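# Report on the structure
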Amino acid sequence: MAAPLVVVLLVAVTVRAVLYRSSLAGLISERVEVASPLNAWKRVVEGLALLDLGVSPYSGDVFHETPLVIYLFHFLIDYAELVFMITDMLTAVALYLAVQDYNKVLFKKQKLLIELDKYAPDVAELIRTPMEMHYIPLKVALFYLLNPYTVMSCVAKSTCAINNTVIAFFILATIKGSAFLSAVFLALATYQSLYPLTLFAPALLYLLQRQFIPVKMKNKDFWLYTVQYAGLYLGSLLVIVCLSFFLLNSWDFIPSVYGFILSVPDLTPNVGLFWYFFAEMFEHFSLFFVCVFQINVFFYTIPLAVKLKEHPVFFMFVQLAIISIFKSYPTVGDIALYMAFLPLWSHLYRFLRNIFILSCVLIVCSLLFPVLWHLWIYAGSANSNFYYAITLTFNVGQILLISDYFYAFLQREYYLTHGLYLTRKDGTEAMLVLK
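The numbers attached to residues start from 1 for each chain and follow its sequence in the written order. Whole-chain, interface and lining totals are the exception, using all residues; otherwise, since this is a predicted model, local features are given only for residues with pLDDT of at least 70 and side-chain atom pairs are given and counted only at 80 or more. Excluded from the side-chain calculations are hydrogens and water; all other atoms, namely the structure's heavy atoms, are used.

## Things to note about the pattern of salt bridges
Salt bridges are identified by distance alone: a Lys or Arg side-chain nitrogen within 4 Å of an Asp or Glu carboxyl oxygen. For the coordinates displayed, the defined rule picks out 12 salt bridges. For arginine 16, the salt bridge identified is with aspartate 88, shortest N-O distance 3.0 Å. In this pair, arginine 16 is assigned in helix H1 (residues 2-20) and aspartate 88 in helix H5 (residues 80-115), connecting sequence segments 72 residues apart. The buried label goes to any residue with under 20% of its type's maximum accessible area, the exposed label to any with over 50%, and the partly exposed label to all in between, with areas taken from a 1.4 Å probe on protein chains only. Taking relative accessible area as the criterion, arginine 16 reaches 0% and is therefore assigned buried. Each helix is a run of DSSP H or I of at least 4 residues and each strand a run of E of at least 2, with the numbering of both proceeding from the N terminus.

This is the structure we're talking about:
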């Protein structure tokens, strides 16, 4: 499998290198779907210019990236294109290794459940085989590297690519069972964009499974391990934040980065749900609705943890999708990360109800984004309502897609234990309805 992965990596690098040298690079970097006020490359360049002049990059209202990122590019600014290509390659390799390891764990678990007769006798066609799982890691890497969303983020030099790399290494460390590295990379991801805080729950659940510790409130081992992992996570986060302070000798980055993410003061259009809503809202209502919108990202964590406590990797996938939909400044690069995991759930395709329609919706919306932007900004024959309408459709499509996968996952799990062919008490065929 190493040779096909190397081929995919070479193709991905070639595509990016060609686009970097084309006239499209400048056009892509200006697209609001690809770069947000948080991660746009031109804002990083502005921050570097201020830093070189001995001025705090956070003194204005332009730069909102973290101190570690600006100091990274302070030394590597001349190799920026290479840095972004390497981050994409590292993300793909990390996802490849993570999925490869997860498939081994999943197959062992499936084999054990079959030996213990936990599955119904008529579900042989739902059992996953090593052959069908063999190429899934490569497909995941392929889906990430050659996804147009990922390619555009890399060409635009959006720092979203760095966030994705950190999250990918967090997933790899978690699936490998390393609590320390998992906590460190989760702390880095939280430091970068705040919202990965919600990935704490699925990571903890997976690590508890690896240690064979049951999730029970009265279990001392459960609480001990939870406190240890939380301590590692908070300790790592504290070290990273303190390091940022020592680099800048100032706490200015906290309101400029995290305050900016939470308060949403910049209403530049993007593929998210915030900008239009708050542009049209009266000022004295904005604080309440900012809180309501921000809670969306965190609200689903507890109910999902309860429902999917036996399936933390799927929980992690759903949580990544929720973050990319409901965060304040999303870009297509965020969407590319969770979409890379779709081949991992290829066994759910038979239970998906609207996959073709939703795929068409997402593709059509992606094509219409630049069209409606041109009509609004350049031609003047449309207005912001048109652009927000396609943004709203795009996000509804994502929500329905994740809901479809969630329903399909629960449906398959039910069939595995209760049988594929359900019957009523009178012997007639029954239909499974999940509520």
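After presenting the structure, the write-up continues.
## Details of the side chain of threonine 91
In this structure, threonine 91 sits in helix H5. Within 3.5 Å is the distance limit for a polar contact, defined as a pair of N or O atoms, with the added protein rule that one can donate a hydrogen and the other accept it, and that residues adjacent in sequence qualify only through two side-chain atoms. At a separation of 2.7 Å, a polar atom in the side chain of threonine 91 contacts the side chain of threonine 165. Should any heavy atoms of two residues lie within 4.5 Å, those residues are considered in contact. Ignoring any residue separated from it by four or fewer positions in sequence, one finds threonine 91 in contact with Tyr144, Ala161, Asn164, Thr165, Ala168 and Leu337.

## Quick look at helix H9 (residues 160-176)
Under the 1.5 Å per step criterion, the end-to-end length of H9 is 24 Å for 17 residues, consistent within 8% with the ideal 24 Å. Burial of H9 is extensive: 15 of the 17 residues sit out of reach of the surface. One or two positions beyond H9, positive phi appears at glycine 177, with a value near 90°. To estimate the expected span of a helix, count its residues, drop one, and scale the result by 1.5 Å.

## Looking at the environment of phenylalanine 222
Looking at where phenylalanine 222 falls in the secondary structure, it is placed in helix H12 (residues 220-248). With relative accessibility at 7%, the residue phenylalanine 222 sits in the buried group. Sequence separation between phenylalanine 222 and alanine 408 is 186 residues; the distance between their C-alpha atoms is 30 Å. Residues contacting phenylalanine 222, with those up to four places away along its chain left out, are Leu208, Ile213, Pro214, Val215, Lys216 and Met217.

## Quick look at the side chain of aspartate 404
Inspection of the secondary structure assignment puts aspartate 404 in helix H20 (residues 384-418). Only 2.9 Å separates the side chain of aspartate 404 from the backbone nitrogen of asparagine 354, close enough to count as a polar contact. Aspartate 404 has contacts with Leu352, Arg353, Asn354, Ile355 and Leu358, leaving out every residue within four places of it along the chain.

## Points about helix H3 (residues 41-52)
Here H3 spans 17 Å end to end across 12 residues, near enough to the 16 Å set by a 1.5 Å rise per residue. Restricting attention to buried positions, one finds in H3 the residues Trp41, Arg43, Val44, Gly47, Leu48, Leu50 and Leu51. Where H3 is buried, its residues meet helix H4 (67-76) and H5. Within two residues after H3, glycine 54 carries a phi angle of roughly 80°, on the positive side.

## Looking at the state of the cysteines
Two cysteine sulfurs form a disulfide in these notes if their separation is within 2.5 Å. Inspection of the entire model under this criterion finds 0 disulfides. The closest cysteine sulfur to the non-disulfide-bonded cysteine 365 is located on cysteine 360, 11 Å from its own sulfur. A relative accessible area of 2% means that cysteine 365 is categorised as buried.

## As for the packing of helix H17 (residues 312-326) against H20
Every axis in this analysis is a line fitted to C-alpha atoms, fitted for helices over the stretch in contact. Angles between the N-to-C directions lie between 0 and 180 degrees. Packing of H17 against H20 brings their axes to within 10 Å, and their N-to-C directions diverge by 170°. On the basis of their axis angle, the class for H17 and H20 is roughly antiparallel. Residues Phe314, Phe317, Val318, Ala321, Ser324, Ile325 and Phe326 of H17 form the contact with H20, whose own contacting residues are Asn395, Gln398, Ile399, Ile402, Tyr405, Phe406 and Phe409. Any residue outside Ala, Val, Leu, Ile, Met, Phe, Trp, Tyr, Cys, Pro, Asp, Glu, Lys and Arg is labelled polar, Gly included; the first ten of those are nonpolar and the last four are charged. Split by residue class, the contact of H17 with H20 holds 11 nonpolar, 3 polar and no charged. Should an angle fall under 35 degrees it is called roughly parallel, over 145 degrees roughly antiparallel, and 65 to 115 degrees roughly perpendicular, with every other angle called oblique.

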